[in-house]
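A look at the structure
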Amino acid sequence: MATPIFIDCCAGPELAWVRTLYESHHDQESLLRCSACRAFWFHRFNEYPDWTGGGGDLTTWYTRLTTEEGERLRDAADPFAEDLSFLRTRPAWMDDARGSRRVDGAPDHPHG
Ligand SMILES: [Zn+2]
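Residues numbered from 1 in each chain as written. Predicted model: local features only at pLDDT ≥ 70, side-chain atom pairs only at ≥ 80, totals over all residues. Heavy atoms only, no water.

1. A few points about the environment of D108
As a reminder of what qualifies: Numbered from the N terminus, helices here are DSSP runs of H or I no shorter than four residues, and strands are runs of E no shorter than two. Here, two residues are considered to be in contact whenever any of their heavy atoms come within 4.5 Å of each other. Here a polar contact is taken to be a pair of N or O atoms separated by no more than 3.5 Å, where protein atoms must pair a possible hydrogen donor with a possible acceptor and residues adjacent in sequence count only if both atoms sit in side chains.
Topologically, D108 is positioned in the segment after β6 (99-103). Residues D108 and L84, spaced 24 residues apart in sequence, show a C-alpha to C-alpha distance of 5.5 Å. Look past the residues within four positions of D108 in its chain and what remains in contact with it is E29, R44, L84, S85, L87 and R88. A distance of 2.5 Å separates the side chain of D108 from the side chain of R88, its partner in a polar contact.

2. Description of the side chain of T59
Our working rule: For every residue, the accessible area obtained with a 1.4 Å probe (protein chains only) is divided by the maximum for its type, and the residue is called buried under 20%, exposed over 50%, and partly exposed between those limits.
Within the element layout of this structure, T59 appears in strand β4 (residues 57-65). A residue is classified by how much of its surface remains accessible, and T59, at 2% relative accessible area, is buried. Among all residues touching T59, those that are not within four sequence positions of it are R44, F45, N46, Y48, M94, D95 and D96.

3. What about the packing of aromatic side chains?
Note the cut-off: Pairs were defined over the aromatic rings of Phe, Tyr and Trp, the Trp ring being its six-membered one, requiring ring centres within 6.5 Å. Orientation was assigned from the angle between planes: stacked under 30 degrees, edge-to-face over 60, tilted for the rest.
Here the structure, examined in full by the defined rule, presents 3 aromatic pairs. With 4.3 Å between their ring centres and 20 degrees between their planes, Y22 and F80 make a pair best called stacked. Here the residue Y22 occupies a position in strand β1 (residues 15-23), and F80 occupies one in the loop between α1 (67-75) and β5 (92-96), the gap between them amounting to 58 residues. A relative accessible area of 22% places Y22 in the partly exposed class. Residue classification places F80 among the partly exposed positions, given a relative accessible area of 43%. A network of ring pairs unites the aromatic residues F6, Y62 and W93 as a single cluster.

4. Thoughts on the side chain of D96
Summarising the element assignment, D96 is placed in strand β5. In terms of polar contacts, D96 uses its side chain to reach the side chain of R101, at 3.0 Å. Sequence-distant contacts of D96, that is, excluding residues within four places in its chain, are made with D57, L58, T59 and R101.

5. Some details on the confidence of the model for the protein
Quick reminder of the rule: A residue's pLDDT is simply how confident the predictor is in it, with values from 0 to 100.
Averaged over every residue, the pLDDT of the protein is 91; the share at 70 or more is 90%. The spread of mean pLDDT over the elements of the protein runs between strand β3 (residues 40-48), the lowest at 91, and α1, the highest at 97.

Right, dumping it as structure tokens:
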């Protein structure tokens, strides 16, 4: 996978997929880890269907996790049952058709 330019855990970040935590037709939650500095990242992908025919809107969030949070999600038998409410108040990167920007929090559950 390509590492977005805004990923800022270290000087030479290189994100690698660890595991998929949840997946549906329009949503995906993944655990990523930087190969350079070993930082964990939570990646959320939402596709908002556009019923007017405009092609829909793709939105992704990247939230930096602590080592403890990353290892908990990596080792969880049922990762979708884990409490992710901390994502709502954790600074994150949001990326969509309008570009990428820093936000104060990310969704903690799939869009629908
Ligand atoms: Zn890094």
